[in-house]
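# Remarks on the overall topology
Okay, here's what each chain looks like letter by letter:
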Amino acid sequence: MLLRHTTDKIIEREALTVNPAKTCQPVGAMYAALGIHGCLPHSHGSQGCCSYHRSVLTRHYKEPVMAATSSFTEGSSVFGGQANLLQAINTIFSVYNPDVIAVHSTCLSETIGDDLTQIIAKAKEEGNVPNGKYVFHANTPSYVGSHVTGYANMVTAMVKTFSMKSSTKKNQVNIISGWIEPSDMREIKRIANQMMAKIVLFPDTSDVLDAPMTGKHEFYPKGGVTIPELISTGDSKFTIGLGPLCTLDACIKLENQCKVKFDSLELPIGIQATDTFITALSRAAGVQVPDSLTDERGRLIDIIADMQKYLYGKRVALFGDPDTLVPLTEFLVALDMKPVYIVTGTPDKTFEDRMASILSTKVPEAKYKAGERADTFLLHQWIKQQGVDLLIGNTYGKYIARDENIPFVRLGFPILDRVGHSYFPMVGYAGAMNLVTKILDVIMDKIDREVPEEKVELVM
Amino acid sequence: MNAILKDRNSQITRAGADTKTIVCNKPSLAGAVSQRACVFCGSRVVLYPIADALHLIHGPIGCAAYTWDIRGAMSSGPEIHRMSFSTDLHEKDVVFGGEKKLEAALLELIDAYNPKAAFVYSTCIVGVIGDDIESICRKVQALKQIPVIPVHAPGFQGTKKDGYRAACEALEVLVGTGNRPAQEFSINILGDFNLAGELWILIDYYKRMGIHINATITGDGRVEDIANAHKAQLNVVQCSGSMMYLAKQMKEKYGIPFMKVSYFGIEDMSDALYEVATFFKNNDMLAKAKEIVRLEFARLMPELAVYKQALQGKKAAIYVGGSFKAISLIKALRLIGVQTVVVGSQTGTADEYEIIKQLCDEGTIIVDDSNPAELSAFVKETKADIFIGGVKERPIAYKIGLGFCDHNHERKEALAGYEGMLNFAKEIYATAMSPVWKFTK
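Residues numbered from 1 in each chain as written. Chains lettered and ligands numbered in written order. Predicted model: local features only at pLDDT ≥ 70, side-chain atom pairs only at ≥ 80, totals over all residues.

## Here's the deal with the interface of chain A and chain B
One frequent convention defines the size of an interface as the accessible area lost when the parts assemble. Rule in force here: Two residues form a contact once the distance between their C-beta atoms, set from the backbone, is within 7 Å. Working definition: helices are DSSP H or I runs of at least four residues, strands are E runs of at least two. Numbering for both runs from the N terminus. When residues are grouped by polarity, Ala, Val, Leu, Ile, Met, Phe, Trp, Tyr, Cys and Pro land in nonpolar, Asp, Glu, Lys and Arg in charged, and all others, Gly among them, in polar. Between any two strands, pairing holds if DSSP finds at least two bridges.
Every contact between the two is made by 62 residues of chain A and, on the other side, 63 residues of chain B. Put simply, the parts of the chain that give the side of chain A that touches chain B at least two residues each are β1 (17-18), α2 (47-61), β3 (68-69), α3 (74-79), α4 (82-95) and α5 (107-112) of chain A. Examining the composition of the side of chain A that touches chain B, we find that nine residues originate from one element, α2(A), more than from any other. Of the residues belonging to the side of chain A that touches chain B, the class tally is 27 nonpolar, 25 polar and ten charged. As defined by bridge partners, β1(A) adjoins strand β3 (residues 85-86) of chain B across two bridges and the pair is classed as antiparallel. Its bridge partner lying in β3(B), Val18(A) is registered against Phe85(B).

## Here's the deal with the packing of helix α13 (residues 323-335) of chain B against helix α14 (residues 350-359) of chain B
Working note: a packed helix pair is described by the angle between its axes plus the distance between those axes. Residue and element names in this part refer to chain B. Applied cut-off: Note on method: axes are straight lines fitted to C-alpha atoms, helices fitted across the in-contact stretch only, with angles between N-to-C directions ranging 0 to 180 degrees. Should an angle fall under 35 degrees it is called roughly parallel, over 145 degrees roughly antiparallel, and 65 to 115 degrees roughly perpendicular, with every other angle called oblique. Crossings are classed by handedness, with left-handed meaning an anticlockwise turn of the near helix from the far one by less than a right angle and right-handed meaning a clockwise turn.
One way to put it is that α13 packs onto α14 with a least axis distance of 9 Å and a crossing angle of 15 degrees. What the angle tells us is that α13 and α14 run roughly parallel. Crossing of α13 against α14: the hand is left-handed. Taken together, the residues of α14 that come into contact with α13 (itself represented by Ser323, Phe324, Ala326, Ile327 and Ile330) are Glu352, Tyr353, Ile355, Ile356 and Leu359.

## Considerations on the domain arrangement of chain A
Residues and elements named next belong to chain A. The condition that has to hold: An automatic or database domain assignment is the source of the domain bounds shown.
We note that the domain assignment places domain 1 (25-156), domain 2 (173-292) and domain 3 (301-454) within chain A. Here domain 1 and domain 3 have C-alpha centroids that lie 34 Å from each other. Opposite the eight residues of domain 1 that make contact, domain 3 presents ten residues. Along the lines of polarity and charge, the residues of the side of domain 1 that touches domain 3 split into three nonpolar, three polar and two charged.

## Thoughts on the packing of helix α1 (residues 39-47) of chain B against helix α7 (residues 160-174) of chain B
All names here are of chain B. With their axes 6 Å apart at the nearest point, α1 and α7 run at an angle of 45 degrees to one another. With respect to their mutual orientation, α1 and α7 come out oblique. By crossing handedness, the relation of α1 to α7 is classed as right-handed. Across the interface between the two elements, Val39, Phe40, Cys41, Gly42, Ser43, Val46 and Leu47 of α1 pack against Lys160, Lys161, Asp162, Gly163, Tyr164, Ala166, Ala167 and Ala170 of α7. Taken together, the residues that form the contact of α1 with α7 break down as nine nonpolar, three polar and three charged.

## Describing the environment of Lys22(A)
How we decide: Here the C-beta atoms are placed from the backbone, and a residue counts as buried if at least 20 other C-beta atoms lie within 10 Å of its own, exposed if 12 or fewer do, and partly exposed otherwise.
Here Lys22(A) lies in the loop between β1 and α1 (25-33). Judged by C-beta crowding, with 28 C-beta atoms within 10 Å, Lys22(A) ranks as buried. In this structure the C-alpha to C-alpha distance between Lys22(A) and Asp321(A), which are 299 residues apart in sequence, comes to 7.7 Å. In this structure Lys22(A) touches Ser146(A), His147(A), Gly345(A), Thr346(A) and Ile61(B), once residues within four positions along its chain are discounted.

## A closer look at the sheet that holds strand β8 (residues 234-237) of chain B
Paired through their backbone hydrogen bonds, the strands of a sheet run either parallel or antiparallel. All names here are of chain B. As summarised here, the arrangement of the four strands in space is β7-β6-β8-β9, forming an open sheet in which the pairing is parallel. Sheet topology places β7 (212-217) and β9 (258-260) at the edges, where each strand pairs with a single neighbour. On average, each strand axis in the sheet is tilted by 25 degrees relative to the strand beside it, whichever way the strands run. Where β8 lies against β9, three bridges are found, and the strand directions are parallel. Pairing of valine 237 across the sheet is with lysine 260, part of β9. Seen against the sheet, helix α10 (residues 240-254) touches β6 (186-190), β7, β8 and β9 and runs at an angle of roughly 165 degrees to β8.

## Brief notes about helix α6 (residues 133-144) of chain B
All names here are of chain B. To be explicit about the condition: Here the expected length of a helix is defined as 1.5 Å per residue gap, with one fewer gap than residues.
In this model, α6 (twelve residues) spans 16 Å end to end at C-alpha, consistent with the 16 Å of a helix rising 1.5 Å per residue. If you follow the buried residues of α6, they end up packed against β2 (53-58), α4 (99-113), β4 (117-122), α5 (124-129) and β5 (148-152). Positioned one or two residues after α6, glutamine 145 has a phi angle of 60 degrees, which is positive.

## Concerning the pairing of strand β8 (residues 238-242) of chain A
Residue and element names in this part refer to chain A. As a reminder of what qualifies: Look down the strands so they point away from you; if going from the first strand over the helix to the second traces a clockwise path, that crossover is right-handed.
With four of its five residues buried, β8 lies for the most part within the structure. Across four bridges, the pairing between strand β6 (residues 173-176) and β8 is parallel. Following the sheet pairing, valine 173 is matched in β8 by phenylalanine 238. Looking at chain direction, β8 and strand β9 (residues 262-265) are connected through four bridges and run parallel. Within β9, the residue paired with isoleucine 240 across the bridge is aspartate 263. In this view, the connection linking β8 to its parallel neighbour β9 by way of helix α10 (residues 244-258) has right-handed handedness.

## Examining the pairing of strand β4 (residues 100-105) of chain A
All names here are of chain A. Summarising burial for β4: six of the six residues are buried, a large majority. The two faces of β4 match: Val100, Ala102 and His104 on one face and Ile101, Val103 and Ser105 on the other face are all buried. One ladder, built from six bridges, connects strand β2 (residues 39-44) with β4; its direction is parallel. The residue bridging cysteine 39 from the neighbouring strand is valine 100, located in β4.

## Some details on the domain arrangement of chain B
For chain B, the assigned domains read domain 1 (6-24 + 312-410), domain 2 (39-174) and domain 3 (186-291). For domain 1 of chain B versus domain 2 of chain B, the distance between C-alpha centres works out to 34 Å.

## Brief notes about the sheet that holds strand β1 (residues 12-14) of chain B
Residues and elements named next belong to chain B. On the basis of which strands lie adjacent, the open sheet formed by six strands has the order β1-β12-β11-β10-β13-β14 and mixed pairing. Two strands close off the open sheet at either side, each with one partner strand: β1 and β14 (403-406). Taken pair by pair, the neighbouring strands of this sheet meet at an average axis angle of 15 degrees, ignoring direction. Both strand β13 (residues 386-389) and β14 contribute to a ladder of four bridges, which runs parallel. Looking across to β14, one finds that isoleucine 388 is bridged to cysteine 405. Contacts from α13 reach β10 (315-320), β11 (339-345) and β13, with the element oriented near 170 degrees to β11. Running over the sheet, helix α17 (residues 417-432) touches β13 and β14 and is turned about 150 degrees from β14.

What follows is the structure, given as structure tokens:
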């Protein structure tokens, strides 16, 4: 038993986080920055930060992840990291030649008080940023929020730096993507394409972190939103932000900066959230919903109808990021399942309200918690008190799943022990089909494995 | 894109033609996509396998999250080391200090998990806000009556290598505090982390020779064994980069001699057994060592021959953490017909790079603290077929159509000892010969 120390008795903890359901800001900033074409993320801090973020992204995507670091030393912690960043910008443009460097800070550089705006301005003044190239930054102190906050800050920085309003409006809709997989971003583009809606999706990590094997290592793979596209977002006619925690700030910034109105929606996970997204996109882009999408929706409902008795009443525990958990919980309720325990390490003031509106009448017994000490240790203690039939979360859920023999669907970040998440979406109707199939597979595999021999059913 | 940074020329050399001594132990250039990590990382990987101690990371959540059970260091008993504990510092802690939170977290943890000792890692930010970890540790130690040991590991205070030293300093605090009777023919195994159960293979060989294993530091490590480490007659050190400091300190303090060994490849493995037997000046032991080597050779060689025949003429590139391991790998690869054409490490030493230069064929590229662009260029130039490295190198190797073997944290099969040599050969064979590569041509 890996988690043999976990008991059903809730231990009062004031200071301690055990087996966290979150990580720190900079990795989110790095992931978001990879969604710009030709961008080299840069970590302004110690070497270890950059190494850890690259490692965890590499393990999650099984793809090369390129990022540079300011390589702080004892001296930088005393005199500040300005010299390091100036040298880094110089080195990066002369050696790696990106279109853009996306700098993010770390707990160290924030605490010693490096002023990134000023340092980057100095680099420009000194002529170390070649013509047509960009350096921008997001402040991502690791001791505030979580990896989700870092993602949000980097996305907002993209708007702040690039979105520009010219004299002519463009017939296009911005879709600001929350933290989802390259597969999901690809799926959103596919949906928009089916609807013949012209969109600019950012960030966009498809064709960056799911690059095909060609025998060549592309330092800058072909995917990612381009700088001209980012600039043009200021002329778009509308913005849809998917996942409020990751994108609401960026939406507001874009409205203030360029007067582009917006809708802030949940991530399109499950039937209702996808309906909402497609309706919003259809309205914003002034396009019809094609039959092909209505058919997809029909096929999704068909699967659920066919298999409802295996879903009904099943108790589910889930952990991950708020923007994913909210629509996912809504979807589980729609599947007639009971999401009973939900934790996220990411602090989110709206989480409880959002969850309550979904769960208070349908699953009144549900427990949910966000922020400090809402970790997988707490989730496990709840599970020990009364068991569940399904666990959904990132790879770290496998300890609980194994100890408690719970069917387990991997969803979230990081997934270190399976493939597929970067190739098969969870958003949209197709993504929902994928999700419900995964859920059914693990639940039914357990039935097949464990029912008494005489009860083994060939036809299910 | 220039593959090689101008400032890095001194850190690259070639066997044979180039007489230049490689420059190493140099901080990375700011802005380089370096494959290196930090002080915290070094200390964490070294201490992590001590399974009945708790490892509390004092800092924002990231440092704990990224090092949560990422290294398959196996334990034969308790597994507290596989949990992730953090003080999860927030903005208010950064402003007002995290000492109270640290103390509370330690007390909560010790009550809940009943560990035999606690290691408290300070991270970058703690180094800057100036929490007095020492005094908190002393206080909790007095209260809970277990060793509570600070590990000084702010990331910016050096490289991963400095983290090894911080870990050794923490271990030093523990060594010498135990009071177990000494045993004859007893050794400590230093620098094996029991990845994929490798330590257990080595223990088996040593036991067959009549040697008593006093403490394993830190693979499958236990606090009590380490506290009694000073009772051993000999320290046998692998992964010298991480553990040599502790071995030297123990020689100075307790007069325990040490020897440096490698368990990778059959030559080095056999040498290790012979050298330990020779140290004890015991003919019976030496005879047993010879018997082990004879038996294992007889079993292994016919199996290896199959792989050697298939792999003859293949070329390998190596990029690993320390240069000492690279030496063993070059020899092990040679045994299965594979020529090494690129050798590099994150934190190698000048002496070891010199040995590598002597060992390798003319033209072999030798590099310190490399980066993906360089490595890709070297591989292309030398037409390597296989890459041996760690997590960040793997996907690059695959993308350019090379076979890959993880000789780092993510190895899933034991690669040490004679069994390990066979596993290594199988892994190299499987990846070099995989049919997938023919689809990329």
